[in-house]
Structures are given as structure tokens and as C-alpha cells.
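Listed below, chain by chain, are the residues.
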Amino acid sequence: ELIDLQSAELSFSSALAIHPAYPEALLDCAHQLDRRGRPRDAAACWRQYLQHERRGPWSDHARDRIAALEQQSENDPHPTAAQLQLSAPDDEWDT
């Protein structure tokens, strides 16, 4: 599973190197980083995503995740993904 996550992260990085404003890649990258327990990197991806997609359910989700990640990092500078209680809109991954 770790190899799959690393492969996915490499794919997102490659897509973003070609098209840095690609919302779907930013969204997927933020999800993966969030799930891998990398809150600072995930929050940065969520912020980038919001620069290009300011409306809609995923934008609301991105704002919620940023707030949760910031709150968590204030309480614990090294949170795990499980501690962050990850959630997504009902239509998760349907972009």
C-alpha cells in the first residue's frame, strides 16, 4: 500500500509540474498527503486548490480540512492521520 501511495504522490507531482493549476491533481494530492499524515503539506495543497476552485462542495471541504489541520497543529505539532479524523463529502473522489 505504501508503494501505491508513493506512486500516487509521484503522479500528482508530475501532473502539477506540467500544469500547476490543475484542480483535480491538487485535490487528489491534498487527499493523499492528508491521509499519509503530512498535515503541513496537505494544508498547502488544500490552499493551492482553493486558489483555483473557490466554490462548490470540495472547496468547502478544503476549507474545513485547512481549519482542522491548523487546529490540530496548534494542539499537537506532529499529528497522525488517524488523529485528524479524516472525512470527505458524500461523493468522495467524484470530481
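Everything discussed here concerns the structure shown above.
Our next topic: the overall build of the chain. Helix and strand content of the chain: four helices and zero strands. Along the chain, helices (α) and strands (β) appear in the sequence α-α-α-α when read from the amino end. Out of the 95 residues belonging to the chain, those deemed buried represent 35%. Considering only residue pairs separated by 6 or more positions, the chain has 50% of its internal contacts joining residues 24 or more positions apart. Counting every atom, the chain has about 5900 Å² of accessible surface; 47% of that belongs to carbon and sulfur.

Further remarks concern the packing of helix α3 (residues 39-52) against helix α4 (residues 57-75). Remark: α3 packs on α4, axes separated minimally by 9 Å, with the N-to-C direction vectors making an angle of 150°. The pairing of α3 with α4 is recorded here as roughly antiparallel in orientation. Here α3 and α4 pass one another in a crossing that is left-handed. Across the interface between the two elements, Pro39, Ala42, Ala43, Trp46, Arg47, Tyr49 and Leu50 from α3 touch Trp58, Ser59, His61, Ala62, Arg63, Arg65, Ile66, Leu69 and Glu70 from α4. Residue classes in the contact of α3 with α4 are distributed as ten nonpolar, two polar and four charged.

To continue, consider the nonpolar core. One finds Cys45, Trp46 and Tyr49 to be the most contacted residues of the largest nonpolar core, which totals 17 residues. Secondary-structure elements contributing two or more residues to this core are α2 (23-35), α3 and α4. Residues in contact with Cys45, not counting those within four places in the same chain, are Leu26, Cys29, Ala30 and Leu33.

Each value, and the rule that gives it
Residues numbered from 1 in each chain as written. Predicted model: local features only at pLDDT ≥ 70, side-chain atom pairs only at ≥ 80, totals over all residues. Heavy atoms only, no water. Helix = DSSP H or I, 4+ residues; strand = E, 2+ residues; numbered from the N terminus. Buried < 20%, exposed > 50% of the residue type's maximum accessible area, 1.4 Å probe, protein only. Contact = heavy atoms within 4.5 Å. Areas by Shrake-Rupley, 256 points an atom, 1.4 Å probe, with all protein chains shown as cover. Axes fitted to C-alpha atoms, helices over the stretch in contact; angles between N-to-C directions. Parallel < 35°, antiparallel > 145°, perpendicular 65-115°, else oblique. Left-handed = near helix turned anticlockwise from the far one by under 90°. Nonpolar A, V, L, I, M, F, W, Y, C, P; charged D, E, K, R; others polar. Core = buried A, V, L, I, M, F, W, Y, C linked by side-chain atoms within 4.5 Å.

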